[in-house]
Amino acid sequence: MDEVGRDLESYSALLRKWQPVQNLVSRETLSAIWERHFADSLQLVRHFKPADRSILDLGSGGGFPALPLAIASKGFDRHFILVEPTTRKVSFLRTVARELDLDVNVIGRRSDQIDSRETPVPDVITSRALAALPQLCAWMEPFFSEKTRAVLHKGREHVDELQETSALWYFDVVINKSDTDPGGVILTITNLKRKSAS
Ligand SMILES: C[S@@+](CC[C@H](N)C(=O)[O-])C[C@H]1O[C@@H](n2cnc3c(N)ncnc32)[C@H](O)[C@@H]1O
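As the structure is a prediction and not an experimental result, all values here were calculated from the model. (Residues numbered from 1 in each chain as written. Predicted model: local features only at pLDDT ≥ 70, side-chain atom pairs only at ≥ 80, totals over all residues. Heavy atoms only, no water.)

A. Fine view of the overall build of the protein chain. When its secondary structure is counted, the protein chain shows six helices and seven strands. Here the protein chain has a C-alpha radius of gyration of 16 Å; the compact-globule value for 198 residues is 16 Å, and the two agree. The principal-axis extent of the C-alpha atoms belonging to the protein chain is close to 55 × 35 × 35 Å. By residue count, 52% of the 198 residues in the protein chain fall in the buried class. Total accessible area on the protein chain is roughly 9,900 Å²; 50% of this is exposed by carbon and sulfur atoms. One way to put it: in the protein chain the 26 positive side-chain charges average out to a point 2 Å from where the 27 negative ones average out. (Helix = DSSP H or I, 4+ residues; strand = E, 2+ residues; numbered from the N terminus. Rg over C-alpha atoms; globule rule 2.2 N^0.38 Å. Buried < 20%, exposed > 50% of the residue type's maximum accessible area, 1.4 Å probe, protein only. Areas by Shrake-Rupley, 256 points an atom, 1.4 Å probe, with all protein chains shown as cover. Lys, Arg positive; Asp, Glu negative; His and termini not counted. Charge placed at Lys NZ, Arg CZ, Asp CG, Glu CD.)

B. Expanded view of the site of the ligand. Taken together, 16 residues surround the ligand, and among them Gly 59, Phe 64, Glu 84, Ser 111 and Arg 128 come closest. Between Gly 59 and the ligand, the recorded distance is 2.8 Å, taken from a backbone N or O atom to a nitrogen atom. Bound to the protein, the ligand loses 79% of the 600 Å² it would expose on its own. Here the shell around the ligand is composed, by residue class, of six nonpolar, five polar and five charged. (Near = heavy atom within 4 Å. Polar contact = N/O pair within 3.5 Å; in protein donor to acceptor, adjacent residues only side chain to side chain. Nonpolar A, V, L, I, M, F, W, Y, C, P; charged D, E, K, R; others polar.)

C. Broad picture of the environment of Gly 108. Along the chain, Gly 108 turns up in the loop between strand E3 (104-107) and strand E4 (124-127). A relative accessible area of 37% means that Gly 108 is categorised as partly exposed. Along the primary structure Gly 108 and Thr 87 are separated by 21 residues, whereas in three dimensions their C-alpha atoms are 6.7 Å apart.

D. A look at the pattern of salt bridges. Tallying each qualifying case throughout the model produces twelve salt bridges. The partner of Asp 112 in a salt bridge is Arg 110, with the nearest N and O atoms 3.0 Å apart. Overall, Asp 112 belongs to the partly exposed group, its relative accessible area being 44%. You can call Arg 110 partly exposed: its relative accessible area is 38%. Lys 154 is paired through a salt bridge with Glu 161; the nearest N and O atoms lie 3.0 Å apart. Taken as a pair, Lys 154 and Glu 161 share a single burial class, namely buried. Through salt bridges that share partners, Glu 3, Asp 7 and Lys 74 make up one connected network. (Salt bridge = Lys/Arg side-chain N within 4 Å of Asp/Glu carboxyl O.)

E. Inspection of the side chain of Lys 154 at higher detail. Position of Lys 154 among the secondary structure elements: in strand E5 (residues 149-154). A polar atom in the side chain of Lys 154 sits 3.0 Å from the side chain of Glu 161.

F. Molecular detail of the nonpolar core. Counting residues in hydrophobic clusters, the biggest one holds 33 residues, and the most contacted among them are Tyr 11, Phe 92 and Val 104. Put simply, the parts of the chain that give this core at least two residues each are helix H1 (3-22), helix H2 (33-42), helix H3 (66-72), strand E2 (79-83), helix H4 (87-99) and E3. When neighbours within four sequence positions are excluded, Val 104 is seen to be in contact with Leu 67, Ala 70, Phe 80, Leu 82 and Ala 97. Counting residues in each nonpolar core, the second largest holds 22 residues, with Leu 133, Met 140, Phe 144 and Val 185 among its members. (Core = buried A, V, L, I, M, F, W, Y, C linked by side-chain atoms within 4.5 Å. Contact = heavy atoms within 4.5 Å.)

G. Broad picture of the side chain of Asp 57. Position of Asp 57 among the secondary structure elements: in strand E1 (residues 54-58). Although Asp 57 lies buried, it forms no salt bridge, and the closest oppositely charged side chain, Arg 128, sits 8.2 Å away as judged by the N-O distance. Side-chain polar atoms of Asp 57 contact the side chain of Ser 60, separated by 2.6 Å. Every residue in contact with Asp 57, bar those within four places of it in the chain, is listed here: Phe 64, Pro 65, Ala 66, Ile 81, Leu 82, Val 83, Thr 126 and Ser 127.

And the structure:
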């Protein structure tokens, strides 16, 4: 097994150890961590570019998708910032990052309580299962620059959410099918800008 495989095994063992007290993943997905969480997170690798250095993950929870991506990014000079307000989850995320020697910082606050100047301008923003797209755009906007791409897991609801979002925001979007979630997609959003109220 290579280093990525060994690190994922260690992460899986830590998830199982901490799960009874932290409730890091839903009970029904605990028996399928590799399929439901690791593979689902790692499919984003092909949406990354070699020049991507700074990744911001909003609403990290038990670490998805950010920690599998940080594990797969070892040696790529890639820095991850994880945003998660729940104290118990923050402790878990920091423990995994320390034990696996990952290039990860965890900010223990809500994304809307962070001054974007506290973080490097992200090349990529990730987020899974945090909020509907219109809300997510409002939370992502302060961190967005011309170079930023949001690469987001979304379920079937993406059709309605994209329509709602386009009433409030300008953006470009590329939609790719999810490898792991039938009906799900990976959205890549660029050029995010709020439409001014008229
Ligand atoms: C449903 S969980 C998803 C966790 C993980 N991304 C996943 O897919 O397994 C949503 C997480 O977002 C966190 N959260 C809620 N509001 C937030 C906010 N405004 N900013 C950042 N995180 C938030 C919650 O504490 C929770 O851990």
